[in-house]
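# Structural features, examined
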Amino acid sequence: QHPVYTTWAPVWRKLAHVYEGDGPFLDGTALIPHPREWEDHSIPYVVGVALMTGGVEVGHFADAYLKNPVLSDLIGKIKVEGTEECDKLYPDASANRVEIITKSGEKLSELVQYHRGHFQNPLTDEEIEEKFHSLTGELLSLGQQQEILALLWNLEQVDDVSKVMELLKTLP
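The paragraphs below set out a description of the structure included in this document. (Residues numbered from 1 in each chain as written. Predicted model: local features only at pLDDT ≥ 70, side-chain atom pairs only at ≥ 80, totals over all residues. Heavy atoms only, no water.)

### Here's the deal with the overall build of the protein
A tally of helices and strands in the protein yields ten helices and two strands. Overall, the protein shows an N-to-C arrangement of helices and strands of α-α-α-α-α-α-α-β-β-α-α-α. By the burial criterion, 29% of the 172 residues in the protein qualify as buried. The contacts in the protein between residues at least 6 apart in sequence include a share of 40% that link residues at least 24 apart. (Helix = DSSP H or I, 4+ residues; strand = E, 2+ residues; numbered from the N terminus. Buried < 20%, exposed > 50% of the residue type's maximum accessible area, 1.4 Å probe, protein only. Contact = heavy atoms within 4.5 Å.)

### A few points about the pattern of salt bridges
According to the stated counting rule, one finds eight salt bridges in the structure shown. Two residues, Lys77 and Asp73, come together in a salt bridge whose shortest N-O distance is 3.5 Å. Here Arg97 and Glu85 are joined by a salt bridge, their closest N and O atoms 2.7 Å apart. Linking Arg97 in strand β1 (residues 96-101) with Glu85 in helix α7 (residues 84-89), this pair joins segments that are twelve residues apart in sequence. Here Arg97 falls in the partly exposed class, since its relative accessible area comes to 31%. (Salt bridge = Lys/Arg side-chain N within 4 Å of Asp/Glu carboxyl O.)

### Details of the pairing of strand β2 (residues 107-112)
A one-sided burial pattern is seen for β2, the buried positions being Leu108, Glu110 and Val112 and the unburied ones Lys107, Ser109 and Leu111. Bridge count for β1 against β2 is six bridges, and the pairing is antiparallel. Counterpart to Val98 in the pairing with β2 is Glu110. Between β1 and the antiparallel strand that follows it, β2, lie five residues; Gly105 among them carries a positive phi value of about 95°. (Pairing = 2+ DSSP bridges.)

### Concerning a nonpolar patch on the surface
A surface patch of nonpolar side chains, amounting to about 340 Å² of accessible area, comprises Leu152, Leu155, Val161 and Met165. Mapping Leu152 onto the fold places it in helix α9 (residues 142-153). (Patch = residues over 30% accessible without salt bridge, like charges linked within 9 Å, V, L, I, M, F, W, Y side chains within 5 Å. Areas by Shrake-Rupley, 256 points an atom, 1.4 Å probe, with all protein chains shown as cover.)

### A short note on the packing of aromatic side chains
Inspection of the entire model under this criterion finds one aromatic pair. The interplanar angle of 35° and the centroid separation of 5.5 Å between the aromatic rings of Tyr45 and Phe61 together place this pair among those described as tilted. Residue Tyr45 is located in helix α4 (residues 43-53), and its partner Phe61 is located in the loop between α4 and α5 (63-66); the two are separated by 16 residues in the primary sequence. Phe61 carries the same exposure label as Tyr45, and that label is buried. (Phe/Tyr/Trp six-rings, centres within 6.5 Å; stacked < 30°, edge-to-face > 60°.)

### Points about α4
Here α4 lies mainly inside the structure; nine of its eleven residues are buried. Among all positions of α4, only Ile43, Pro44, Tyr45, Val46, Val47, Gly48, Val49, Ala50 and Leu51 are buried. The distance from a side-chain oxygen at the start of α4 to the backbone nitrogen of Tyr45 is 3.1 Å, and the residue carrying that oxygen is Ser42. One or two steps after α4, the chain reaches Gly54, where phi turns positive at roughly 95°. (Polar contact = N/O pair within 3.5 Å; in protein donor to acceptor, adjacent residues only side chain to side chain.)

### Comments concerning α9
Under the 1.5 Å per step criterion, the end-to-end length of α9 is 16 Å for twelve residues, consistent within 8% with the ideal 16 Å. Three or more residues of α9 are buried, namely Gln145, Ile148 and Leu149. Along the long axis of α9, the arc covered by the buried residues comes to 100°, so they all point the same way. Looking at the buried positions of α9, the neighbouring elements they touch are α8 (125-136) and α10 (162-168). (Expected span 1.5 Å × (residues − 1). Arc of directions from axis to C-beta.)

This is the structure in structure tokens:
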């Protein structure tokens, strides 16, 4: 396989936001700056962030990214189109095809039927923990994160779920 494909294939599989319909989220007009709520539902934005950084995390919706001219330029090059190929797979699959045309004109393409985290393409335990840490890193200490994860991974052995809720009560 082509080295560029090998590099970006995991990124494509991490893209979890899919928006059906039309409007600014699909046609690229939901560009920077806009409210965060636009960007986290904008396919061009999340694809641009993933291509630029290798993933999409909460921190990628901060002003440093929302107002980044390099990212804005990249987003302007991203076009989102519905395809008959993907439509035919719905509702059994939430398919997406990503195509990249390099400066040399080479076309790289990958079809993903189930986004990463879909029950047909589940996250590994390690990926779940990475996501948990990325989502709670600004809110909880590492010790709190580890304590909550330990309880959640063994929830069937927790005699009182309020123990988990008490740990979450410390959230701002």
